[in-house]
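Fold and geometry: a report
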Amino acid sequence: QVQLVESGGGLVQAGGSLRLSCAASGRTFSGYAMGWFRQAPGKERDFVAAINWNGYSTYYGDSVKGRFTISRDNAVSTVFLQMNSLQPDDTAVYYCAAADLRRGLAIRSSEYGYWGQGTQVTVSS
């Protein structure tokens, strides 16, 4: 089992930025593709971003392309989500997830076997 703990959420005004972190422990971090999802009140959980094992392949949901950047540092077993130009529609609980893949990345929630508890991001207008 791998444990995932998100941090960095908070309250920010529209147009501002936040950087989320997800620290992993329990298994070899480099063996996992990683992803970020979010869930707003009254809505389903949506895909945000994904990254492969070495960080050279990334994929983003349409709503965040050009604004968010996913990255990872395997030396410290951490994946990041840099969020710029935040808008009120970005308000959600953000979840980090890990997929036990030998290669590639995943964009479907069903492909991820491990999830963090989430961190709240609130964007005010």
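Treat the numbers as computed from the prediction; the structure is a model and nothing was measured.

1. Things to note about the sheet that holds strand β1 (residues 3-7)
A sheet is described by the order of its strands in space; here four strands give the open sequence β1-β3-β8-β7, paired in antiparallel fashion. Each edge of the open sheet carries a strand with a single partner, namely β1 and β7 (68-73). In this sheet, neighbouring strand axes are inclined to one another by 15 degrees on average, regardless of whether the strands run parallel or antiparallel. Taken together, the six bridges between strand β3 (residues 18-25) and strand β8 (residues 78-83) define a ladder with antiparallel strand orientation. In the strand pairing of β8, leucine 20 is matched with leucine 81.

2. Here's the deal with the pattern of salt bridges
Summed over the entire model, instances satisfying the criterion amount to four salt bridges. For lysine 65, the salt bridge goes to aspartate 62, with nearest N and O atoms at 3.2 Å. Between glutamate 111 and arginine 108 there is a salt bridge whose closest N-O contact spans 3.2 Å. Classification of glutamate 111 as partly exposed rests on a relative accessible area of 28%.

3. Details of the nonpolar core
The biggest cluster of nonpolar side chains holds 30 residues, and the ones touching the most others in it are Leu4, Met34, Trp36, Val79, Leu81, Met83 and Tyr94. Looking at this core, the elements that each hand over two or more residues are β3, β4 (33-39), β5 (46-51), β7, β8, β9 (92-99) and β11 (119-124). Ignoring any residue separated from it by four or fewer positions in sequence, one finds leucine 4 in contact with Cys22, Ala23, Ala24, Met34, Cys96, Ala97, Ala98, Tyr114, Trp115, Gly116 and Gln117. Listed in part, the eight residues of the second largest apolar core include Phe37, Phe47, Ala106 and Tyr112.

4. Quick look at the side chain of arginine 38
Here arginine 38 is to be found in strand β4. For arginine 38, a relative accessible area of 10% puts it in the buried group. Within the local environment of arginine 38, its side chain forms a polar contact with the side chain of serine 63, the two groups lying 3.2 Å apart. One polar contact links arginine 38 to tyrosine 94, side chain to side chain, over a distance of 2.9 Å. Residues within four places of arginine 38 in sequence aside, it is in contact with Glu44, Arg45, Asp46, Val48, Ser63, Val64, Phe68, Asp89, Asp90, Ala92, Val93 and Tyr94.

5. Structural notes on the state of the cysteines
Think of a disulfide as a covalent bridge from one cysteine sulfur atom to another cysteine sulfur atom. For the structure shown, the criterion picks out one disulfide. The disulfide that involves cysteine 22 links it to cysteine 96, with 2.1 Å between the sulfurs. Between cysteine 22 and cysteine 96, the S-S torsion sits near -80 degrees, and that sign places the bridge as left-handed. Highlighted residues: cysteine 22 in strand β3 and cysteine 96 in strand β9, separated in sequence by 74 residues. Here cysteine 22 falls in the buried class, since its relative accessible area comes to 0%. Classification of cysteine 96 as buried rests on a relative accessible area of 0%.

6. Focus on the pairing of β11
Burial along β11 is one-sided: the face carrying Thr119, Val121 and Val123 is buried and the face carrying Gln120, Thr122 and Ser124 is not. Strand direction decides the pairing type here: strand β2 (residues 10-13) and β11, joined by four bridges, are parallel. Each bridged residue has a counterpart across the sheet, and for glycine 10 the counterpart in β11 is valine 121. Here three bridges tie β9 to β11, and the two strands are oriented antiparallel to one another. Across the sheet, residue valine 93 finds its bridge partner in β11, namely glutamine 120.

Analysis parameters
- Residues numbered from 1 in each chain as written.
- Predicted model: local features only at pLDDT ≥ 70, side-chain atom pairs only at ≥ 80, totals over all residues.
- Heavy atoms only, no water.
- Pairing = 2+ DSSP bridges.
- Helix = DSSP H or I, 4+ residues; strand = E, 2+ residues; numbered from the N terminus.
- Axes fitted to C-alpha atoms, helices over the stretch in contact; angles between N-to-C directions.
- Salt bridge = Lys/Arg side-chain N within 4 Å of Asp/Glu carboxyl O.
- Buried < 20%, exposed > 50% of the residue type's maximum accessible area, 1.4 Å probe, protein only.
- Core = buried A, V, L, I, M, F, W, Y, C linked by side-chain atoms within 4.5 Å.
- Contact = heavy atoms within 4.5 Å.
- Polar contact = N/O pair within 3.5 Å; in protein donor to acceptor, adjacent residues only side chain to side chain.
- Disulfide = S-S within 2.5 Å.

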